[in-house]
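Architecture at a glance
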Amino acid sequence: PLTLITGYAEMIRDIPGENNPENMQVIIDEAKRLSSLVGDLLDLSRLQSGTSELHSAKFDLTSAIRDIIGRFGRISGPEGVTVFVETPDVPVMVEADHTRVAQVVYNFLINAMTHGGGDKTITVRQSIENGRVLVEVIDKGEGIAPELLPYIWDRYYKVDKVHKRAIAGAGLGLSIVKSILEQNPNVQYE
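1. Structural notes on the pattern of salt bridges
Going through the model one piece at a time under the given rule, you end up with four salt bridges. Across the salt bridge formed by glutamate 86 and arginine 125, the nearest N and O atoms sit 2.7 Å from each other. Taken together, the residues glutamate 86 in strand β2 (residues 82-86) and arginine 125 in strand β4 (residues 121-129) connect sequence positions 39 residues apart. Salt-bridge contacts for arginine 125 lead to glutamate 136; the nearest nitrogen and oxygen are separated by 3.7 Å. Note that arginine 125 is positioned in strand β4 and glutamate 136 in strand β5 (residues 132-139), a separation of 11 residues in sequence. Taking the relative accessible area as the measure of exposure, arginine 125 reaches 30% and is therefore partly exposed. Within this structure, Glu86, Arg125 and Glu136 form a network of salt bridges that share partners.

Quick look at the structure:
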């Protein structure tokens with residue numbers, strides 16, 4: 001991001017007529033991407049060092065998931081992605097850190113949008129099995145080879161090594177998810 005920010009800023013400064021909305025938008029987009037990357041790095045550092053504490057409280061997970069998807073729609077809509085929601089018709093109360101649960105679901109949604117394939121549909125399914133809540137984020141992407149699955153939780157790991165600047169992150173999202181979920185012994189993930 002810094003390379004593009006600097007390059008576009010210098011171009012706007014040095015070349016007459018290049019101070020236009022399109023070039024300025026590149027600088028804004030890259031600054032946001034850099035801010036997100038720095039935030040992810042700080043978040044992961046705090047989570048892995050144990051200095052980030054969970055603040056558990058009872059809340060309605062069903063309502064929270066619907067809210068997250070509503071906010072996510074602002075990002076996914078312009079990308080042509082449709083998100084379907086399958087949740088119980090009744091509130092499902094859980095005791096967890098609401099902010100961290102939202103972060104986990106959001107990171108899975110971003111991952112599904114990035115790697116969901118040409119179908120551009122994501123399904124978020126919440127169900128109750130054996131007294132436990134199961135949340136699934138399902139996309140129609142090509143999937144991950146079974147031998148690569150153990151690595152997806154590693155920092156900076158990307159199955160698809162092709163650089164997709166506009167949509168791909170730094171490979172930190174699932175590592176952050178893992179760190180959040182490992183702080184709660186009652187949570188399982190796969």
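Structure's up, so let's keep going.
2. What to know about the pairing of β5
Bridge count for β4 against β5 is eight bridges, and the pairing is antiparallel. Paired with threonine 123 across the two strands is isoleucine 138, which belongs to β5. The hairpin turn running from β4 into β5, its antiparallel successor, is two residues long, and asparagine 130 in that turn takes a positive phi close to 55 degrees.

3. Regarding the sheet that holds β4
Pairing is mixed in the open sheet, where three strands are placed in the order β2-β4-β5. The two strands at the open ends of the sheet, each matched to only one other strand, are β2 and β5. When the angles between neighbouring strand axes are averaged without regard to direction, this sheet yields 15 degrees. Packing against the sheet, helix α3 (residues 61-76) makes contact with β2, β4 and β5, and its axis sits at approximately 175 degrees to β4. Docked against the sheet, helix α4 (residues 98-115) engages β4 and β5, running at close to 25 degrees with respect to β5.

Scoring rules and cut-offs
Residues numbered from 1 in each chain as written. Predicted model: local features only at pLDDT ≥ 70, side-chain atom pairs only at ≥ 80, totals over all residues. Heavy atoms only, no water. Salt bridge = Lys/Arg side-chain N within 4 Å of Asp/Glu carboxyl O. Helix = DSSP H or I, 4+ residues; strand = E, 2+ residues; numbered from the N terminus. Buried < 20%, exposed > 50% of the residue type's maximum accessible area, 1.4 Å probe, protein only. Pairing = 2+ DSSP bridges. Axes fitted to C-alpha atoms, helices over the stretch in contact; angles between N-to-C directions. Contact = heavy atoms within 4.5 Å.

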